[in-house]
Amino acid sequence: NAAQIPIILGQNGSNVGIGGTSAPKLLTLNGGSIPSPTLGFYNDIVQVNNRNWSFSPTENEYGDFAIKQGLTQGSDPSLGNVRMYFGRTGNIAIGSTTANYRLDIDANTSSAGNPIRLQGLLAGSTSDSLVSSNAGVLKRTTINDMLGTTTSSLRVPRLTTTQRDALNGAAG
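Residues numbered from 1 in each chain as written. Predicted model: local features only at pLDDT ≥ 70, side-chain atom pairs only at ≥ 80, totals over all residues. Heavy atoms only, no water.

(A) Structural view of the sheet that holds strand β5 (residues 53-57). One open sheet accounts for 6 strands, arranged β4-β5-β6-β7-β8-β9; its pairing is mixed. Looking along the sheet, the strands with just one partner apiece sit at the ends: β4 (39-41) and β9 (103-105). On average, each strand axis in the sheet is inclined to that of its neighbour by 15°, with strand direction left out of account. Examined bridge by bridge, β5 and strand β6 (residues 65-69) share 5 bridges and lie antiparallel to one another. Across the sheet, W53 pairs through a bridge with Q69, a residue of β6. (Pairing = 2+ DSSP bridges. Helix = DSSP H or I, 4+ residues; strand = E, 2+ residues; numbered from the N terminus. Axes fitted to C-alpha atoms, helices over the stretch in contact; angles between N-to-C directions.)

(B) Seen up close, the environment of S75. You can see S75 is positioned in the loop between β6 and β7 (81-86). You can call S75 buried: its relative accessible area is 16%. Spatially, the C-alpha atom of S75 lies 9.8 Å from that of N50, the residues being 25 residues apart in sequence. S75 has contacts with Y42, N52 and G70, leaving out every residue within four places of it along the chain. (Buried < 20%, exposed > 50% of the residue type's maximum accessible area, 1.4 Å probe, protein only. Contact = heavy atoms within 4.5 Å.)

(C) Structural view of the pattern of salt bridges. Applying the stated criterion across every chain, the model contains 2 salt bridges. When the shortest N-O distance is used, the salt bridge between E59 and K68 registers 3.3 Å. For R88, the salt bridge goes to E61, with nearest N and O atoms at 3.2 Å. Here R88, found in the loop between β7 and β8 (92-94), pairs with E61, found in the loop between β5 and β6; they are 27 residues apart in sequence, far enough to count as distant. R88 gets classed as exposed once you look at its relative accessible area, which sits at 54%. Residue classification places E61 among the partly exposed residues on the basis of a relative accessible area of 32%. (Salt bridge = Lys/Arg side-chain N within 4 Å of Asp/Glu carboxyl O.)

(D) Quick look at the packing of aromatic side chains. The final tally for this structure, using the stated rule, is 3 aromatic pairs. On the numbers, 5.2 Å between centres and 80° between planes, the contact of F41 with F55 is edge-to-face. Of this pair, F41 sits in strand β4 while F55 sits in strand β5; the two residues are 14 residues apart in sequence, bridging distant segments of the chain. According to the relative accessible area criterion, F41 is partly exposed, its value standing at 44%. Given the relative accessible area of 28%, F55 is considered partly exposed. The structure contains a cluster of three or more aromatic residues connected by ring pairs, namely F41, F55, F65 and F86. (Phe/Tyr/Trp six-rings, centres within 6.5 Å; stacked < 30°, edge-to-face > 60°.)

(E) Spatial organisation of the sheet that holds strand β1 (residues 7-9). In space, the 3 strands of this open sheet follow the order β1-β2-β3, with mixed pairing throughout. Edge strands, defined here as strands with exactly one partner in the open sheet, are β1 and β3 (27-29). On average, adjacent strands in this sheet sit at an angle of 15° to one another, irrespective of strand direction. As paired elements, strand β2 (residues 16-18) and β3 share 3 bridges and run parallel to each other. Counted as the bridge partner of G17 is T28 from β3.

Put into structure tokens, the structure is as follows:
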């Protein structure tokens, strides 16, 4: 009930507390228990692609945090899709609430396409590359170590022209 939620102004009106008994920070939201307080961003612009967003702690467990997006125009974002999830251990998930790695990206959807871009990697270098394991985990290794060779000439059968060009540093 909104009428029962206290609003507290700190000394000289500098801090604001909502839902608690004090205002130790500029803005303090206190829900006390699950569900935790959610900070919502709502937009009244009538446009088919417009979505509301929410930021909320305690999505799956105490100590975690989620950024969610409403499913349709004007919908409640707390009931929508998790776009980014911060686990209590510090791991981050994008498109999922399963953060098993430092950065865990759900590339298992048809809209994911190419789910990640790492800018600054040099194409064509045999000394420093990234590869994906069967589990989709990116690992840093050299092409020579992958192939078990020390030759600078790289010949791998069954590469597409685009793949070969990328390994050789040619523009695609």
